[in-house]
Every structure is written in structure tokens, then in C-alpha cells.
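An overview of the molecular structure
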Amino acid sequence: VPHRSIAVAATLFVVARLGASAIEALFYTLWWRARGAPLPYGRFLAALVALSLVDRFATALVGLASRVPALAPWLAPVAGLQLLGDRLGPALRVVLGGVGALALLRVWITAWLQSVYSGRRLGGALAVTVLAWIGTRLAAWWIVDLARGMSPIR
């Protein structure tokens, strides 16, 4: 039975990852299409799925740091600030926890792919990507705060 639960968890992870990539690709495809620069959804989705390996590598480095805590300060700039531990509060850990060189590389490559596939300048694609990335971080922050009962409406 433990093998079945591992298989179910792995399947759910893959489906969730593909779903997240599909939504991300759809967002950028619709964004560029609305601006008269079609972005090929299928090719862009395939590139994002491949690019998600960067995220998995960062996750693997975080796992390594949890097994060898002495590596955490060295890996934090690469894999993410969540390796700084409790120095960040819970909400900031959600917002900034994944910020590291690998995350920034993924943002840059996502923008570069949009530029290549849409034929638009890299600066515009980078601005859209960074704003979307920041927006998702802010939304996560607000969700964590709301879940912790920090609603502004009382």
C-alpha cells in the first residue's frame, strides 16, 4: 500500500505541475495575442514544462540543505531565501522564500522565450513576466495573511 500512495502523490504532483504550466502558458499566450503578437501555445507550454526543471533543481537544493544544514547559508542565494529559516516570517517566507538565482533565471528565460516566440522585444516580455511573478507573490502573501486570520475586515 505505501507504493500506491507514492504513485498517487507522484501522479498528483505531475498533474498539478502540468496544470500550473498550462495556466501560465495560457496567460502569456492571451497577453501577447491581445497585443497582436501571437505566441504559439503548444511550443511555449512545452518550453515552460522543460523550464520547470529549474524549479525542481532549486527544490532539490532546498532538500539537500535540510539534510545538511551547514549548506543552507551557501545555498540560500541560489535556491531561495526560505533556507534562511525563521528569520523570515511565515508570510514573507511564502512571498520571498523561493527568491534566489535559480528563480530569477527562470523568470528571465520565461521572458526570453516569450520574446523569441512572439517576435517582441525582450524588455517588454521581461516587464510582463516580472510583473506577473510579483503579482503571484503578492497574491500568495495576502492568502497566507488571510489564512492566518489577518483580514482587514473585522
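Nothing here was measured: the structure is a model prediction, and the numbers come from that model. (Residues numbered from 1 in each chain as written. Predicted model: local features only at pLDDT ≥ 70, side-chain atom pairs only at ≥ 80, totals over all residues. Heavy atoms only, no water.)

1. Comments concerning the overall build of the protein
Applicable threshold: A run of H or I in DSSP becomes a helix once it reaches four residues, and a run of E becomes a strand once it reaches two; helices and strands are each numbered from the N terminus. Summary of the burial criterion: residues with accessible area below 20% of their type's maximum are buried, those above 50% are exposed, and those between are partly exposed, where the area comes from a 1.4 Å probe applied to protein chains only. Contacts between residues were defined by any pair of non-hydrogen atoms, one from each residue, lying within 4.5 Å. To measure how exposed things are, a 1.4 Å probe is used in the Shrake-Rupley method; for residues, cover is taken only from the protein chains shown. We score Asp and Glu as negative and Lys and Arg as positive, and we do not count His or the chain ends. To locate a charge, take NZ of a lysine, CZ of an arginine, CG of an aspartate or CD of a glutamate.
When its secondary structure is counted, the protein shows six helices and zero strands. In sequence order, the secondary structure elements of the protein are arranged as α-α-α-α-α-α. If you line up the protein on its principal axes, its C-alpha atoms span 45 × 45 × 35 Å. Among the 154 residues that make up the protein, the fraction classed as buried is 31%. For the protein, contacts bridging at least 24 residues in sequence account for 52% of all contacts bridging at least 6. When the accessible surface of the protein is totalled, it reaches about 9500 Å², and 74% of it is carbon and sulfur. Here the protein holds 15 positive side-chain charges and 4 negative ones, and the gap between their average locations is 8 Å.

2. Details of a nonpolar patch on the surface
Here is the rule: In this scheme, patches are assembled from residues that exceed 30% relative accessible area and form no salt bridge. Like charges are connected within 9 Å, while nonpolar side chains (Val, Leu, Ile, Met, Phe, Trp, Tyr) are connected within 5 Å. Any carboxyl oxygen of Asp or Glu within 4 Å of a side-chain nitrogen of Lys or Arg constitutes a salt bridge here.
On the surface, Phe13, Val14, Leu18 and Val49 cluster together to form a nonpolar patch covering roughly 320 Å² of accessible area. Among the elements that line the nonpolar patch, the one with the most residues is helix α1 (residues 2-34), at three residues. Of note, Phe13 is situated in helix α1. A relative accessible area of 42% places Phe13 in the partly exposed class.

3. Some remarks on the nonpolar core
Note the threshold: Only buried Ala, Val, Leu, Ile, Met, Phe, Trp, Tyr and Cys residues count toward a nonpolar core, and they belong to the same one when joined by side-chain atoms within 4.5 Å.
Counting 23 residues, the largest nonpolar core has Tyr28, Trp32, Phe44 and Leu83 as its most contacted members. Sorting the residues of this core by element identifies α1, α2 (41-67), α3 (72-79), α5 (101-118) and α6 (122-147) as the ones contributing at least two each. Excluding anything up to four places from it in sequence, Phe44 contacts Ala25, Tyr28, Leu39, Thr110, Leu113, Gln114 and Tyr117.

4. Considerations on the confidence of the model for the protein
Selection criterion: A residue's pLDDT is the confidence the predictor assigns to it, expressed on a 0 to 100 scale.
Of the residues in the protein, 96% reach a pLDDT of 70 or more, and the chain-wide mean stands at 90. Within the protein, the element-level pLDDT minimum falls on helix α4 (residues 90-96), averaging 73, and the maximum on α5, averaging 97.

5. As for the environment of Gly124
Note on placement: Gly124 falls in helix α6. Sequence separation between Gly124 and Ala111 is 13 residues; the distance between their C-alpha atoms is 8.4 Å.

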